[in-house]
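Structural overview for review
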Amino acid sequence: MEELILSARGLNLYYGENHALKDISIDIPERRITALIGPSGCGKSTFLRTINRMNDLIPNVKITGSLTYRGQEIYAPEQDVTDLRKRIGMVFQKPNPFPMSIYDNVAYGPRTHGTRNKVKLDEIVEESLRGAAIWDEVKDRLKKSALGLSGGQQQRLCIARALAVKPDVLLMDEATSALDPISTAKIEDLAAELKNDYTIIMVTHNMQQAARISDNTAFFLLGELVEFGETEQMFSMPQDKRTEDYITGRFG
Amino acid sequence: MEEANIMPQTALEVCRNEKCRGKGLSMGRKIYDRGLRGLVWLCAGLTCTLLVFLIGYIFYRGLPNLSLEFLTTQESLLKGTMGILPAIQNTLYVVGVTLVIALPLGVGAAVYLTEYASNRRLVTTIEFATETLSGIPSILYALVGYLAFSKTLGLGYSLLAASLTLAMMNLPTIIRTTQESLKTVPQGYREGALGLGSGKWHMIRTIVLPGSIDGIVTGCILSVGRIVGESAVLLYVGGMDGTMNNFFASLDKFAHSSGATLTVQLYVFAKERAMMDPAFAVAVVLLVLTFLINLAAKVVGKRLRQR
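If you're wondering where the values come from, they're calculated on a predicted model, not measured in any experiment.

What counts as what
Residues numbered from 1 in each chain as written. Chains lettered and ligands numbered in written order. Predicted model: local features only at pLDDT ≥ 70, side-chain atom pairs only at ≥ 80, totals over all residues. Heavy atoms only, no water. Phe/Tyr/Trp six-rings, centres within 6.5 Å; stacked < 30°, edge-to-face > 60°. Helix = DSSP H or I, 4+ residues; strand = E, 2+ residues; numbered from the N terminus. Buried < 20%, exposed > 50% of the residue type's maximum accessible area, 1.4 Å probe, protein only. Lys NZ or Arg CZ within 6 Å of the ring centre and 35° of its normal. Pairing = 2+ DSSP bridges. Lys, Arg positive; Asp, Glu negative; His and termini not counted. Salt bridge = Lys/Arg side-chain N within 4 Å of Asp/Glu carboxyl O. Polar contact = N/O pair within 3.5 Å; in protein donor to acceptor, adjacent residues only side chain to side chain. Contact = heavy atoms within 4.5 Å. Axes fitted to C-alpha atoms, helices over the stretch in contact; angles between N-to-C directions. Parallel < 35°, antiparallel > 145°, perpendicular 65-115°, else oblique. Left-handed = near helix turned anticlockwise from the far one by under 90°. Nonpolar A, V, L, I, M, F, W, Y, C, P; charged D, E, K, R; others polar. Buried area = accessible area lost by both parts, 1.4 Å probe.

**Digging into the packing of aromatic side chains**
What the rule picks out here adds up to 12 aromatic pairs over all chains. Ring plane angle 35° and centroid distance 5.7 Å describe the contact between phenylalanine 47 of chain A and phenylalanine 220 of chain A, whose orientation is recorded as tilted. Placement of phenylalanine 47 of chain A in helix 1 (residues 44-51) and of phenylalanine 220 of chain A in strand 9 (residues 216-221) is noted, with a sequence separation of 173 residues between them. As far as burial versus exposure is concerned, phenylalanine 47 of chain A and phenylalanine 220 of chain A are alike and both buried. Of the aromatic side chains, those joined through ring pairs into one cluster are Phe53, Tyr57, Tyr60 and Phe280 of chain B. Here lysine 62 of chain A stacks its cationic end above the ring of tyrosine 14 of chain A, 5.0 Å away from the centre of that ring. It is lysine 143 of chain A that lies over the ring of tyrosine 103 of chain A; its NZ or CZ is 4.1 Å from the centre.

**Things to note about the sheet that holds strand 5 (residues 72-73) of chain A**
All names here are of chain A. Read from one edge of the open sheet, 4 strands run 2-1-4-5, paired in antiparallel fashion. Single-partner strands in this sheet number two, and they are strand 2 (18-29) and strand 5. Pairing of strand 1 (residues 4-15) with strand 2, which is carried by 8 bridges, proceeds in the antiparallel orientation. In the sheet register, alanine 8 faces strand 2, and the bridge partner there is isoleucine 26.

**Observations concerning the side chain of arginine 161 of chain A**
As for its placement among the helices and strands, arginine 161 of chain A is situated in helix 6 (residues 151-163). Buried and unpaired, arginine 161 of chain A has no salt bridge, with glutamate 191 of chain B as the nearest side chain of opposite charge at 9.2 Å. Polar contacts involving the side chain of arginine 161 of chain A include one to the side chain of asparagine 105 of chain A, which spans 3.3 Å. Setting aside residues up to four positions removed in sequence, arginine 161 of chain A forms contacts with Asn96, Pro97, Phe98, Asn105 and Val106 of chain A together with Gly192 and Leu196 of chain B.

**Quick look at the pairing of strand 1 of chain A**
All names here are of chain A. The loop that links strand 1 with its antiparallel partner strand 2 comprises 2 residues; one of these, glycine 16, has a positive phi angle of about 60°. By the bridge criterion, 8 bridges tie strand 1 to strand 4 (residues 61-69) in an arrangement that is antiparallel. Bridging across to strand 4, serine 7 finds its partner in threonine 68.

**A short note on the packing of helix 4 (residues 85-116) of chain B against helix 7 (residues 159-183) of chain B**
Angle between the axes and distance between the axes: these two values describe a pair of packed helices. Residue and element names in this part refer to chain B. Packing of helix 4 against helix 7 leaves a shortest axis separation of 6 Å and a crossing angle of 40°. In this view, helix 4 runs oblique relative to helix 7, as classed from their interaxial angle. Crossing hand, helix 4 versus helix 7: right-handed. Of the residues assigned to the contact of helix 4 with helix 7, the class counts are 21 nonpolar, 8 polar and 2 charged.

**Notes on unusual backbone geometry**
For lysine 166 of chain A, which is not glycine, the phi torsion reads 55° and is therefore positive. Structurally, lysine 166 of chain A can be placed in the loop between helix 6 and strand 7 (169-173). Positive phi, close to 50°, is recorded for alanine 274 of chain B, a residue that is not glycine. Looking at where alanine 274 of chain B falls in the secondary structure, it is placed in the loop between helix 13 (262-272) and helix 14 (276-306). Among the residues examined, alanine 274 of chain B registers a relative accessible area of 61% and is labelled exposed.

**Here we look at the packing of helix 4 of chain B against helix 9 (residues 200-211) of chain B**
Residue and element names in this part refer to chain B. Viewed as axis vectors pointing N to C, helix 4 and helix 9 meet at an angle of 110°, and their least axial separation amounts to 12 Å. Between helix 4 and helix 9, the crossing angle belongs to the class labelled roughly perpendicular. Remark: the crossing between helix 4 and helix 9 carries right-handed chirality. When helix 4 is examined against helix 9, the residues Val107, Val111, Glu115 and Tyr116 are found in contact with a partner set consisting of Lys200, Trp201, Ile204, Val208 and Leu209. For the contact of helix 4 with helix 9, the residue count by class is 7 nonpolar, no polar and 2 charged.

**Description of the sheet that holds strand 10 (residues 224-230) of chain A**
All names here are of chain A. Taken together, 6 strands build an open sheet; the order of strands is 6-7-8-3-9-10 and the sheet is mixed. Both outer strands of the open sheet, strand 6 (88-91) and strand 10, are each paired with one neighbouring strand and no more. In this sheet, adjacent strand axes meet at a mean angle of 15° when their direction is disregarded. Pairing of strand 3 (residues 33-37) with strand 9, which is carried by 4 bridges, proceeds in the parallel orientation. Within the sheet, the bridge partner assigned to isoleucine 37 lies in strand 9 and is phenylalanine 219. With respect to the sheet, helix 1 is in contact with strand 3, strand 6, strand 7, strand 8 (199-203) and strand 9, its orientation differing from that of strand 7 by roughly 150°.

**Brief notes about the environment of arginine 273 of chain B**
Residue and element names in this part refer to chain B. With respect to the helices and strands, the residue arginine 273 is situated in the loop between helix 13 and helix 14. In this structure the C-alpha to C-alpha distance between arginine 273 and leucine 46, which are 227 residues apart in sequence, comes to 34 Å. Beyond its immediate sequence surroundings of up to four residues, arginine 273 is in contact with Glu75 and Val268.

**Side note on the interface of chain A and chain B**
Between chain A and chain B, the contact holds 23 residues from the first and 15 residues from the second. Each partner contributes to the roughly 1,500 Å² buried at the junction of chain A and chain B, and carbon and sulfur atoms together form 66% of this total. When residues of chain A are sorted by the area they lose upon contact with chain B, Arg85, Phe98 and Tyr108 of chain A head the list and together hold 32% of the total. The interface formed by chain A and chain B holds 1 salt bridge in total. Where chain A packs against chain B, one counts 5 residue pairs in polar contact (both at pLDDT 80 or more). Secondary-structure elements contributing two or more residues to the side of chain A that touches chain B are helix 2 (81-87), strand 6, helix 3 (102-112) and helix 6 of chain A. Residues of the side of chain A that touches chain B, tallied by class, amount to 13 nonpolar, 6 polar and 4 charged.

**Observations concerning the environment of isoleucine 28 of chain A**
All names here are of chain A. Residue position: isoleucine 28 is located in strand 2. A residue is classified by how much of its surface remains accessible, and isoleucine 28, at 1% relative accessible area, is buried. Distance from isoleucine 28 to leucine 4, taken between C-alpha atoms, is 5.8 Å for residues 24 residues apart in sequence. What isoleucine 28 contacts, discounting residues up to four positions off in sequence, is Leu4, Ile5, Leu6, Thr34, Phe47, Thr199 and Ile201.

So far we have only geometry, and geometry alone does not tell us how the molecule works.
Laid out in structure tokens, this is it:
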């Protein structure tokens, strides 16, 4: 029996009047890749950003129901948001390296959380860049600006930056949608390796990508979770008619 | 796909061969085109000529009257010297004190308005107010400053009261330029930092402020220009005395010294004493000083950005 890491029970989210997530209940297992799919505006990104409380940044958001991370209520008043975000890292749709050196980008997280020791930082930076399969490409120019890297390299740098704070879960919000096919393949390979140590939850618009690399898939439609199950099962024998219509390309 | 490739090429060729080079234009449109181009050139030329003439004339009239003695002494009947060292010192004091007060306040207010404030209507109102305030004639600030600092706070005619007034006057400019600059920092940077578990202030300090250093420096330069060039406030609140102040001798001296800055000194020379030669010499000093301060601000900004 695999360990559950995230559980939602009757989770609702409102942007003002707009009911964006409707009664979501889901159990996400540890060290697996879970893909969230669905047409634009279905709530999959909203759900992802609910997990590390990035929605806190948006005014007028109301959340009801329960969402727990390792048994801990994420929206409990006593929850330390910075600690939560340290453990649940995020990679964004558009690569967003900071306008500083490659080294400083990766060291940003550890420094934020109090690591000052140069030797220790060097270690973390190398380990994280290796972990994100970009070490060999950047090891000779760690002090150069991260903005000089290609889009695909920037995205892997962002993954390295997220890994540097030693997270438990990695959220990927359409992390490959702004990249070319070769960079996308690299990130997919990387995700497949990372799942040995991390739980990955990814939003994707690319159905083949979900089918290729995820273990479980959740299908969202109009704010509802229509179906959630093993990816193979879902893509070969969907239980719900709407899922079938979507993955066979009849809408969306 | 192929068609799509061919289309722009042919369109480009047509463009190259005919219209865009002006060959296919009718006579009337050609004249119109030339005429307008000439007009724009004329505008640019006139402006440049005016500027060059102004600077040239000031240097032409001022430089012969400039001497080391003029720059390093104060006026004294006994010694027979006529220098403007007090005015230079007073100007530097005013610029320094004003910036030390206005910069942290202005940057802080801008950070609050763009990063923290959640009430959109309040923010829009404040933004509108700062915009209006930055366009108000300085004599109004002088009036308020005189009542608030000289009278109510009891600072009298003093350069400190003048600096406080100037700080008030420059706050809108600093807030606006800093705010504009903060808004250009991509949202992705903020999300990236917060996503790594950075606290809000830490994110602002390490990512947002370094990214908007350019705007802050611009605000500084604009303010320095206004401070150095200001005369109404200084005449009204700062005093016109031309003797040396020893600002750092005591707290009382720091707070209550009054005196003329360069612009006020220029006014005194030109209008009260009808001495045009030293007036032009002061003008040269003002030009050079403004240039030097702006240069320094740029260099500091560049240094900060590299770090």
